[in-house]
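Residue strings, one per chain:
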Amino acid sequence: MQRPPTLLALTALAALTLTACGGDDKDTEAPTTPSGVTAQAGSATSVHVMWEPSTDDKAVTGYEVFQKGAKVKTLPGTKTMVDVDGLKPSTAYSFTVRARDAAGNLSEPSPAKAVTTPAPTPEDKKAPTRPSGLRGEVEGQRAVTLQWRPAADNTAVTSYDIYQEDSRIHTVTGAETSAKVTGLRPGTVYSFTVRARDAADNSSPDSETVDLTTPAASGEGPSTAPTDLTATVHKGSIDLSWSPPKADGDIESHELFLNGKPATTIVWGTMPTGKAKYTMTVTDPPGTRYSIKLRAKLPDGKWGDFSAQRTVIVR
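Residues numbered from 1 in each chain as written. Predicted model: local features only at pLDDT ≥ 70, side-chain atom pairs only at ≥ 80, totals over all residues. Heavy atoms only, no water.

So, about the overall build of the protein chain. Scanning the protein chain from terminus to terminus reveals one helix and 21 strands. Here the protein chain has a C-alpha radius of gyration of 26 Å; the compact-globule value for 315 residues is 20 Å, and the former is much larger. Oriented by its inertia axes, the alpha-carbon framework of the protein chain measures out at about 95 × 60 × 40 Å. The burial tally for the protein chain puts 42% of its 315 residues in the buried class. When contacts within the protein chain are restricted to residue pairs at least 6 apart in sequence, those whose partners lie at least 24 apart make up 64%. (Helix = DSSP H or I, 4+ residues; strand = E, 2+ residues; numbered from the N terminus. Rg over C-alpha atoms; globule rule 2.2 N^0.38 Å. Buried < 20%, exposed > 50% of the residue type's maximum accessible area, 1.4 Å probe, protein only. Contact = heavy atoms within 4.5 Å.)

Taken as a whole, this structure holds six aromatic pairs when the rule is applied. Ring geometry for tryptophan 242 versus tryptophan 268: centroids 6.0 Å apart, planes at 50 degrees, classification tilted. With a gap of 26 residues between them, tryptophan 242 in strand 16 (residues 237-243) and tryptophan 268 in the loop between strand 18 (261-267) and strand 19 (276-281) connect regions that are remote in the sequence. Exposure remark for tryptophan 242: the relative accessible area of 0% places this residue in the buried category. Judged by its relative accessible area of 16%, tryptophan 268 falls in the buried class. Across the ring face of tyrosine 163, the terminal group of arginine 195 is positioned such that the distance to the ring centre comes to 4.0 Å. (Phe/Tyr/Trp six-rings, centres within 6.5 Å; stacked < 30°, edge-to-face > 60°. Lys NZ or Arg CZ within 6 Å of the ring centre and 35° of its normal.)

Core analysis: the largest hydrophobic core is formed by 21 residues, its most contacted members being Ile238, Trp242, Leu256, Met280, Tyr290 and Ile292. Breaking this core down by element, the ones donating at least two residues are strand 15 (227-234), strand 16, strand 17 (253-258), strand 19 and strand 20 (289-296). Looking at this core, the element that brings in the most residues is strand 20, giving four residues. If we ignore the near neighbours within four places in the chain, the residues touching isoleucine 292 are Leu229, Ala231, Ile238, Leu240, Leu256, Phe257, Leu258, Met280, Ala308, Gln309, Arg310 and Val312. (Core = buried A, V, L, I, M, F, W, Y, C linked by side-chain atoms within 4.5 Å.)

Glancing now at the confidence of the model for the protein chain. Detailed reading of the predicted model is not advised wherever pLDDT is low. On average, residues of the protein chain score 89 in pLDDT, and 92% of them reach the 70 mark or higher. Contacts of residues 6-23 to residues separated by more than four positions or lying in other chains number one contact, the stretch itself having pLDDT below 50. (pLDDT = per-residue confidence, 0-100.)

A separate point is the sheet that holds strand 4 (residues 70-76). One open sheet accounts for four strands, arranged 4-3-6-7; its pairing is antiparallel. Strand pairing shows two members of the sheet lacking a second neighbour, strand 4 and strand 7 (113-116), which therefore form its edges. Averaged over all pairs of adjacent strands, the angle between strand axes in this sheet comes to 30 degrees, irrespective of strand direction. In the sheet, strand 3 (residues 60-67) pairs with strand 4 via six bridges, with the strands oriented antiparallel. The partner of glutamate 64 across the bridge, within strand 4, is threonine 74. (Pairing = 2+ DSSP bridges. Axes fitted to C-alpha atoms, helices over the stretch in contact; angles between N-to-C directions.)

Quick look at the environment of alanine 276 now. In this structure, alanine 276 sits in strand 19. Note: C-alpha distance between alanine 276 and leucine 229 (47 residues apart in sequence) is 9.5 Å. Excluding residues within four positions of it along the chain, alanine 276 makes contact with Leu240, Ser241, Trp242, Pro244, Trp268 and Met271.

Quick look at the sheet that holds strand 14 (residues 210-213) now. With respect to topology, four strands assemble into an open sheet ordered 11-10-13-14, the strand pairing being antiparallel. Pairing within the sheet leaves two strands with one partner each, and these edge strands are strand 11 (167-173) and strand 14. Put simply, the sheet's adjacent strands are angled 30 degrees from each other on average, direction ignored. The pairing of strand 10 (residues 157-164) with strand 11 spans six bridges and is classified as antiparallel. Residue pairing in the sheet places glutamine 164 in a bridge with serine 167 of strand 11.

Below, the structure is given as structure tokens:
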């Protein structure tokens, strides 16, 4: 006598049927080829590779960087630049980039970009002078253009590194004194500095800081970031001053961040009129570097946008 199929067998059959029917939904479309690839020697042993983002019918999840067919870097889909280190001085290299999606589909390689690392300067221990006159202009909601006056070096400036807060986000050659930074967020305040670098990887001090705020997206309200933040260093303390954001109601507290981490909450019973001020006691040894920013607690109980960042050195 033939027995009826069991529940387990029916479940397996259903799963098999669904798998067979859903096979046509498999993602086989590769991302577009990365465009605008640049390769610039940052020093005698490093090259900075950048490119424009690729697109995909689902999403780009990563990028792979190749040097003459050999993969040298793997990056997440949010990154469109990388430093390739450990190279040889006075050597020609060629780089290509491929985009990858979640299904593992790889784009075609980008056109190869050739670059030659400069000659080594092993005895050079003198850093370039700091770039000066940094200024910037906002271009739409997601880009800014920066310009500065050139730095000087005892050999030669090989590159300029652009920093947003404490992260290097862009590099241009030593012959350039401007850079366009893209991929920014609308309605956000950004703090930029520039450093010069020579072939021996000596970096200059930071340039002055320029703060730029991208316009808010359509339908969004004004920025809720504190403005005009200043940080004045004294022996054993740092004086802070800023303008709280405007809000429908009193702002009674701000959260202070040091080196990207919350350090303390500054609370007033009544919001100060005009500028807010706070003195921070420091016990770290001279030469300690602090990155400082803050945000306000808005009347609705939510935290507002971050202020521009200030970087100081303890005396």
